[in-house]
Amino acid sequence: MKYKDYYAELGVPRDAGADAIKSAYRKLARKFHPDVSTEKDAEERFKAIGEAYETLKDPEKRAAYDQLGTHPQGEEFRPPPDWGRGFAGGGGAPSGAFDDIDLGDLFAGFGRAEGARSRNAPMRGRDYEAAIRVAFEAAFAGTELDLDLGGAEVDDQGVLRHVARPVKVRIPRGVTDGQRLRVPGKGGEGLRAGPRGDLYLDIRVDDHPLYRVDGVDIYVDLPLAPWEAALGTTVKLPTPAGPVELKVTSGAQAGQKLRLKGRGMARVSGAPGNLYAVVTIVVPSVINDEELKLYAELARQSTFNARPQFGGD
């Protein structure tokens, strides 16, 4: 028979996990589905990737396929005499048993008896996946969203169908950008009284003009006038949970981080993160004559050297 490289067909390495294989198949199935694709060889490619996926998604078929080793695409080869033992219920193949057999047809026959036994068994519904954006405030405090799961979907058999179902989901407080949430029972309907699948949400959190998030910690810039940094002051600092009075001690330095414990993002378990006010020194761009005199007097009186590393005064 002729060898077919199923891994190359899906564009995945031979050690790819089940999720990577499934993801690659779905991407290619959408691209080459004859009902939507403009590629001239769409139908042929669609059948080829479907055949590859049908084999590699099944652990038993994949194990049998891997036993064949690697060969150039389309090369004539013969499986070893004992190939298939334990996979299809056989005890090895006689010489010439694989002549004039297509590799795809061969793997399609694996597991048919088991399939017949389970034909009437309940089947769990498909899992859905959706990418959603949430505002920073909603990510910090949590929210409820009404989602429309409508759109085209290619199922495991390569059938393109439209799914339209509104779903209300709860976004817990403290979600972070890039987090993946599982919502049990919000996926596709099961067959023959089988349970619903799950919904997976890929979270993207919008940027905020004041706050920056790093893990569960929040950072906010704290601008201080030179005299505030030198003398100390109390600032009304905005935080996602509401303003707080923050005392700044004298001698504050640019880049210094003032920690507000427990005012960061929430955690699923354990204490929340912290909020850090990062000091910046803001020099007035416009000063009047009196202010200019005060700065000049300070320069004459002060012995402070801002650049000791340069040497000299």
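Our subject is the structure that appears above.
Residues numbered from 1 in each chain as written. Predicted model: local features only at pLDDT ≥ 70, side-chain atom pairs only at ≥ 80, totals over all residues. Heavy atoms only, no water.

Draft legend 1. Looking closely at the overall build of the protein chain. Helices and strands together make up the secondary structure of the protein chain, namely nine helices and 13 strands. Taken across its 313 residues, the protein chain has 35% of its residues classed as buried. The long-range fraction of contacts in the protein chain, counting pairs at least 24 apart against all pairs at least 6 apart in sequence, stands at 58%. Approximately 19400 Å² of the protein chain is accessible, and the part contributed by carbon and sulfur atoms is 51%. (Helix = DSSP H or I, 4+ residues; strand = E, 2+ residues; numbered from the N terminus. Buried < 20%, exposed > 50% of the residue type's maximum accessible area, 1.4 Å probe, protein only. Contact = heavy atoms within 4.5 Å. Areas by Shrake-Rupley, 256 points an atom, 1.4 Å probe, with all protein chains shown as cover.)

Draft legend 2. Examining the packing of helix 2 (residues 18-32) against helix 3 (residues 42-56) more closely. Following both chains from N to C, one finds helix 2 and helix 3 inclined at 165°, their axes separated by 9 Å at the closest point. In terms of their interaxial angle, helix 2 and helix 3 are classed as roughly antiparallel. Viewed along their axes, helix 2 and helix 3 form a crossing whose handedness is left-handed. For the pair formed by helix 2 and helix 3, the contact residues are Ile 21, Lys 22, Tyr 25, Leu 28, Ala 29 and Phe 32 on the first element and Ala 42, Glu 43, Arg 45, Phe 46, Ile 49, Gly 50, Tyr 53 and Leu 56 on the second. (Axes fitted to C-alpha atoms, helices over the stretch in contact; angles between N-to-C directions. Parallel < 35°, antiparallel > 145°, perpendicular 65-115°, else oblique. Left-handed = near helix turned anticlockwise from the far one by under 90°.)

Draft legend 3. Main features of the packing of helix 3 against helix 4 (residues 59-66). Taken N-terminus to C-terminus, the directions of helix 3 and helix 4 make an angle of 100°; their axes are 6 Å apart at the nearest point. In terms of their interaxial angle, helix 3 and helix 4 are classed as roughly perpendicular. In contact with Glu 54, Thr 55 and Leu 56 of helix 3, helix 4 contributes Lys 61, Arg 62 and Tyr 65.

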